[in-house]
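An overview of the molecular structure
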Amino acid sequence: MRKSSLTKNTVSFLTKSAALACSMIMCVSLAACSSSSSSSDSKDSSKSSSSSSSSSSGSEKNQIAGVTATGKLGEKPTISFKAPMTVSDGSYVVLQKGDGDVIEDGDRVCSQGIALNVKDGTELMDTWTKNTPDCSMVVDSSTLNSTYYNQIKGAKLNTTIGFGVNDENSSGYSYILAMTFVSKSKDYTKATGEKVEDVPADLPKVTRAKNGKPSIDMNGYKGSSELVVQPLIKGSGAKVKESGSVKVQYTGWLLDGTQFDSSWDKGQATEFALSDVVKGWSQGLAGQTVGSQVLLVVPPDLGYGDKATGSIPANSTLVFVVDILATY
């Protein structure tokens, strides 16, 4: 639940670099930079330490010329080009063809990245040094810019692709974003783990439909002045970090049993950073594991306090059932 509203957050990449965050969001998301949709042939893998770019001609006019990469697959590459040069939005170059599993539709892909200023070749940022890959990207044509989607889908893990970003009006830079795809996974569609047997008997009773959608019986529950965090299903996935983001399915009720919100009813899971939601959610979900279903009882001071929000009255205690589908 966001501090203002709970809506799907935009897919971003390498957001730890504040100067480039806006442009990463713009160019990886669907509504971003204009692009061509020429696909690269990623069926063949290569363990060569270097590969050169294709020339910009004919049907490959959106490929970046004159850029090379050296280095061992799956490790930080050395990117070379003659500066200054120019790049256009929607341009790309396959710098290294990977040797791992093929990236498929619906995969959540973790990427290491380097951004290089095309005017002087300087490195603007990278995630390799501190080993902080970004795992916010899901290969989905409805959320990714077509150039990213067409090049990433079908590529193999350990592939490095350079994408041109011409963003002088936003970040102040034009650069090549060299992304190396280091791992992949599939998001859960519902909580998947071990049922917790020792749930206190006085808490609301939760039942689940076959698709995972929860229903609730308040069981005479009157609320709590403190945050209640009760796992109902314990997943075995990654632990949610306080500084992280999550993908969840959720439903929220008032203490009288009135449902005021549900991602299940909207037909789509939602994603958000824990820093963007009310304290009851950020405190309640931090430390939980992917695959878990968690019952949260959020008192007013950790929710919306004395302010009415939508169909939520002021000073309301809120009850949520949250399925944690992914974290990054």
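Quantities reported herein were computed from a predicted structural model and do not represent experimental measurements.

**Section: the environment of Y188**
Along the polypeptide, Y188 turns up in the loop between β9 (173-186) and β10 (193-195). Remark: the alpha-carbon pair of Y188 and I324, spanning 136 residues in sequence, is separated by 8.0 Å. Discounting residues that sit within four places of it in the chain, Y188 has contacts with V290, G291, I324 and L325.

**Side note on the state of the cysteines**
Across all of its chains, the model carries 1 disulfide by this definition. Disulfide pairing is shown between C110 and C135; the S-S distance is 2.0 Å. Taking the sign of the S-S torsion, about 115° here, the bridge from C110 to C135 comes out right-handed. Of this pair, C110 sits in strand β5 (residues 107-117) while C135 sits in strand β7 (residues 134-138), and the two are 25 residues apart along the sequence. The burial state of C110 is the same as that of C135; both residues are buried.

**Examining the side chain of D107**
Note that D107 resides in strand β5. At 2.7 Å, the side chain of D107 and the backbone nitrogen of E104 are in polar contact. Excluding residues that lie within four positions of it along the chain, D107 makes contacts with V102, M137, V138, V139, K184, S185 and K186.

**A few points about the pattern of salt bridges**
A full pass over the atoms with the stated rule returns 10 salt bridges. The closest approach of N and O atoms between K153 and D105, which form a salt bridge, is 3.9 Å. Pair noted here: K153 is in the loop between α2 (146-152) and β8 (160-167) and D105 is in the loop between β4 (92-96) and β5, with a separation of 48 residues, a long-range link. Ionic pairing is found between K184 and D107, a salt bridge with its closest N-O pair at 3.1 Å. Placement of K184 in strand β9 and of D107 in strand β5 is noted, with a sequence separation of 77 residues between them. Classification of K184 by relative accessible area gives partly exposed; the value is 28%. On the basis of relative accessibility, which here comes to 2%, the residue D107 falls in the buried class.

**Brief notes about the packing of aromatic side chains**
This model, assessed by the stated rule, comprises 5 aromatic pairs. On the basis of an interplanar angle of 85° and a centroid distance of 5.1 Å, the ring pair of W281 and F320 is categorised as edge-to-face. Separated by 39 residues along the polypeptide, W281 in helix α4 (residues 279-285) and F320 in strand β18 (residues 318-327) bring together distant segments of the chain. The exposure class assigned to W281 is buried, which follows from its relative accessible area of 0%. Here the aromatic residues Y250, F260, F272, W281 and F320 are joined through ring pairs into a cluster of three or more.

**Some remarks on the nonpolar core**
If you look at the biggest cluster of nonpolar residues, it comprises 24 residues, and the most contacted ones within it are F272, W281, L285, L296, L318, F320 and V322. For this core, the elements supplying multiple residues, two or more each, are β14 (245-254), α4, β17 (293-298) and β18. Of all hydrophobic cores here, the second largest spans 20 residues; its members include V109, V139, Y148 and I152.

**Notes on the environment of D323**
By secondary structure assignment, the location of D323 is in strand β18. Residue classification places D323 among the buried positions, given a relative accessible area of 1%. Considered as a pair, D323 and Y250 are 73 residues apart in the sequence and their alpha carbons are 6.2 Å apart. With residues near it in sequence (within four places) discarded, D323 still touches K190, A191, G212, K247, V248, Q249, W264, S292 and Q293. A polar atom in the side chain of D323 sits 2.9 Å from the backbone nitrogen of A191.

**A closer look at the confidence of the model for the protein chain**
For the protein chain, per-residue confidence averages 85 on the pLDDT scale, and residues scoring 70 or more make up 80% of the total. Residue range residues 4-59 is modelled with pLDDT below 50. Its contacts to residues more than four positions away, or to other chains, number 157 contacts.

**Concerning the pairing of β5**
Among the 11 residues that make up β5, 11 are buried, leaving the element largely enclosed by the rest of the structure. Judged by which residues are buried, β5 turns out to be covered on both faces: D107, V109, S111, G113, A115 and N117 on one side and R108, C110, Q112, I114 and L116 on the other are all buried. Two strands pair when backbone bridges link them, and β5 and β7 are joined in this way by 3 bridges, in the antiparallel orientation. Paired with V109 across the strands is M137, a residue of β7. Across 3 bridges, β5 lies against strand β6 (residues 123-126) in antiparallel orientation. Looking at β6, one finds that L116 is bridged to E123. Counting the residues that bridge the hairpin from β5 to β6 gives 5 residues, and of these G121 lies at a positive phi of roughly 80°.

Conventions adopted
Residues numbered from 1 in each chain as written. Predicted model: local features only at pLDDT ≥ 70, side-chain atom pairs only at ≥ 80, totals over all residues. Heavy atoms only, no water. Helix = DSSP H or I, 4+ residues; strand = E, 2+ residues; numbered from the N terminus. Contact = heavy atoms within 4.5 Å. Disulfide = S-S within 2.5 Å. Buried < 20%, exposed > 50% of the residue type's maximum accessible area, 1.4 Å probe, protein only. Polar contact = N/O pair within 3.5 Å; in protein donor to acceptor, adjacent residues only side chain to side chain. Salt bridge = Lys/Arg side-chain N within 4 Å of Asp/Glu carboxyl O. Phe/Tyr/Trp six-rings, centres within 6.5 Å; stacked < 30°, edge-to-face > 60°. Core = buried A, V, L, I, M, F, W, Y, C linked by side-chain atoms within 4.5 Å. pLDDT = per-residue confidence, 0-100. Pairing = 2+ DSSP bridges.

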